[in-house]
Amino acid sequence: MTAAGRSLDRATTTLGAVAVASAVFVFARGDFSFIRVRGDSVAVVLALGLLAIVAGRRASRTLTLAAGAGFLASAAVVLLALVTRGDSAFLDVDGSTLSFCLGLGIGLLLLGLAHDQPRTSTP
Amino acid sequence: MTTESTQADTREIVVSTRLSRGIIAGVRIGLALLWIQNAGWKVPPNFGQGAQPTGLYQFTSYAVEYPVFPPFSWLVEHLILPNFAFFGWMVLLAEASLGAFLLVGLATRFWALVGLAQTMAITLSVLNAPHEWHWSYLLMFMANATVFATAAGRYTGLDGLLRPHWQSSTTPISRLLVRAS
């Protein structure tokens, strides 16, 4: 395992920890409710966050990609909910949930894809 | 000590300590949370348009009601408000993307420029509206400019991790990401 590979794994673990930590917003109300994580989305961010943590700890590219794909799929579902129902009741989500899932999804996918790329010295 | 070495030392202070890197990362993540939270109250499909305007529609209409820059007010009145559903979706997707990319520190300098453009649009819409604090918008400009100037994604962001990969690659997307980070 190279130092670069270890850095990628640490970043994967960190993004997973951020996802798990975001569950605290289930209790947040008012000005400091930065991200809407309520109802079903709590289970999703916890499960995918834990998956990303395991991926980082086990240096598993496959699990990293799976966690990233899971978050991107979640962002797509949130977007679909917003398109079809707007301020929907069937999923307790809004644009902040979309933004959060999108960021973690793209980040984890890129980390997974970067794992196997050969590195040469930078110019 | 020569002038050149003094200048080099001064430049290094910005990023040489863990505290400095942490503060730069904190500003980036704080700015990301600003955009994430504010993507939350852009509610489709009407975005506040209706008999009693609320939300994004109401704030956008302030550009006409309390003009800041007359050509922008004309644009809002004749192009944006008549096509508000499309405009609302563009705002929602832009702000959700701003939050997403700044949160993980990916293509950070590009998204900081998008943030500056969006801040300009917001400022031109609401600066003269009642009860607005003008420093809010100036601070948003400064925060986005700081994230751009410091290439903040290179400190505890994905730009810092992935930039060496992109620099060693010759694909167009890698070259684009090097410039965007």
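Coordinates for the structure precede this section.
Residues numbered from 1 in each chain as written. Chains lettered and ligands numbered in written order. Predicted model: local features only at pLDDT ≥ 70, side-chain atom pairs only at ≥ 80, totals over all residues. Heavy atoms only, no water.

Residue and element names in this part refer to chain B. Residue position: T108 is located in helix 6 (residues 108-126). With relative accessibility at 0%, the residue T108 sits in the buried group. Only 3.4 Å separates the side chain of T108 from the backbone oxygen of G105, close enough to count as a polar contact. (Helix = DSSP H or I, 4+ residues; strand = E, 2+ residues; numbered from the N terminus. Buried < 20%, exposed > 50% of the residue type's maximum accessible area, 1.4 Å probe, protein only. Polar contact = N/O pair within 3.5 Å; in protein donor to acceptor, adjacent residues only side chain to side chain.)

On to the pattern of salt bridges. Tallied over the full model, the rule gives two salt bridges over all chains. The salt bridge partner of D92(A) is R36(A), with a shortest N-O separation of 2.7 Å. With D92(A) in the loop between helix 3 (61-85) and helix 4 (95-114) and R36(A) in the loop between helix 1 (3-21) and helix 2 (40-57), the pair connects residues that are 56 residues apart, well separated along the chain. Look at R36(A) and you get partly exposed, because its relative accessible area is 25%. Residue K42(B) pairs with E95(B) through a salt bridge whose shortest N-O separation is 2.8 Å. Here K42(B) is found in the loop between helix 2 (18-39) and helix 3 (55-65), whereas its partner E95(B) is found in helix 5 (residues 84-104), with 53 residues between them in sequence. Each of the two residues, K42(B) as well as E95(B), counts as buried. (Salt bridge = Lys/Arg side-chain N within 4 Å of Asp/Glu carboxyl O.)

Taken together, the 34 residues of chain A in the interface contact 27 residues of chain B. A combined buried area of about 2,300 Å² lies between chain A and chain B, and 76% of that area is made up of carbon and sulfur atoms. Joining chain A to chain B, the criterion identifies zero salt bridges. Taken together, chain A and chain B are joined by four residue pairs in polar contact (both at pLDDT 80 or more). Looking at the side of chain A that touches chain B, the elements that each hand over two or more residues are helix 1, helix 3 and helix 4 of chain A. Top element by residues in the side of chain A that touches chain B is helix 4 of chain A. It accounts for 13 residues. Its residues assigned to classes, the side of chain A that touches chain B comprises 18 nonpolar, 12 polar and four charged. (Contact = heavy atoms within 4.5 Å. Buried area = accessible area lost by both parts, 1.4 Å probe. Nonpolar A, V, L, I, M, F, W, Y, C, P; charged D, E, K, R; others polar.)

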